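Coordinate analysis (summary)
Here are the chains, one letter per residue:
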Amino acid sequence: MMNGISKYIMITGIILFLIGLVMQFVPIGKLPGDILIKKEHSTIYFPITTCIVISIFLSLVFYFVGKFR
């Protein structure tokens, strides 16, 4: 039997795998509102809108998980 911490590590790994799999097919990033600065030899990317969208999505997921727990 698995103890508590190993169970959570495995669940976290599965969730990260599924997120990576979805991101292969659904391009999240480069949304309007993300800041991209290109100079001669460097590029700086600030995904502000992408972070806000992910934050809202995760907040809803955690809300519903907590609601039905």
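The preceding data block contains the structure.
This text gives an overview of the structure that appears in the document. As the structure is a computational prediction, the values presented were derived from the model and not from experiment.

1. A look at the overall build of the protein chain
- The helix and strand inventory of the protein chain stands at two helices and two strands.
- Each helix and strand of the protein chain, ordered N terminal to C terminal, gives the series α-β-β-α.
- Taken over the C-alpha trace, the protein chain has a radius of gyration of 17 Å; the compact-globule value for 69 residues is 11 Å, which it surpasses by more than 25%.
- In terms of principal-axis extent, the alpha carbons of the protein chain reach across some 55 × 25 × 20 Å.
- Residue burial in the protein chain is summarised as follows: out of 69 residues, 3% are buried.
- Restricting the contact set of the protein chain to residue pairs at least 6 apart, pairs at least 24 apart contribute 3%.
- For the protein chain, the exposed area adds up to about 6,500 Å²; of that, 74% sits on carbon and sulfur atoms.

2. Here we look at the pairing of strand 1 (residues 35-38)
- Two strands pair when backbone bridges link them, and strand 1 and strand 2 (residues 43-46) are joined in this way by four bridges, in the antiparallel orientation. When the sheet's bridge partners are listed, I37 is paired in strand 2 with I44.

3. Concerning the side chain of T50
- Along the chain, T50 turns up in helix 2 (residues 48-67).
- Here T50 falls in the buried class, since its relative accessible area comes to 7%.
- Of note is the side chain of T50, whose polar atom sits 2.8 Å from the side chain of D34.
- If we skip the residues at most four places from it in the chain, T50 touches I28, G29, K30, L31, D34 and Y45.

4. Remarks on the packing of aromatic side chains
- Applying the stated criterion to the full structure yields one aromatic pair.
- Ring geometry for Y63 against F64: centres 5.3 Å apart, planes inclined by 70°, an arrangement best described as edge-to-face.
- For F64, a relative accessible area of 44% puts it in the partly exposed group.

Procedures and definitions
Residues numbered from 1 in each chain as written. Predicted model: local features only at pLDDT ≥ 70, side-chain atom pairs only at ≥ 80, totals over all residues. Heavy atoms only, no water. Helix = DSSP H or I, 4+ residues; strand = E, 2+ residues; numbered from the N terminus. Rg over C-alpha atoms; globule rule 2.2 N^0.38 Å. Buried < 20%, exposed > 50% of the residue type's maximum accessible area, 1.4 Å probe, protein only. Contact = heavy atoms within 4.5 Å. Areas by Shrake-Rupley, 256 points an atom, 1.4 Å probe, with all protein chains shown as cover. Pairing = 2+ DSSP bridges. Polar contact = N/O pair within 3.5 Å; in protein donor to acceptor, adjacent residues only side chain to side chain. Phe/Tyr/Trp six-rings, centres within 6.5 Å; stacked < 30°, edge-to-face > 60°.

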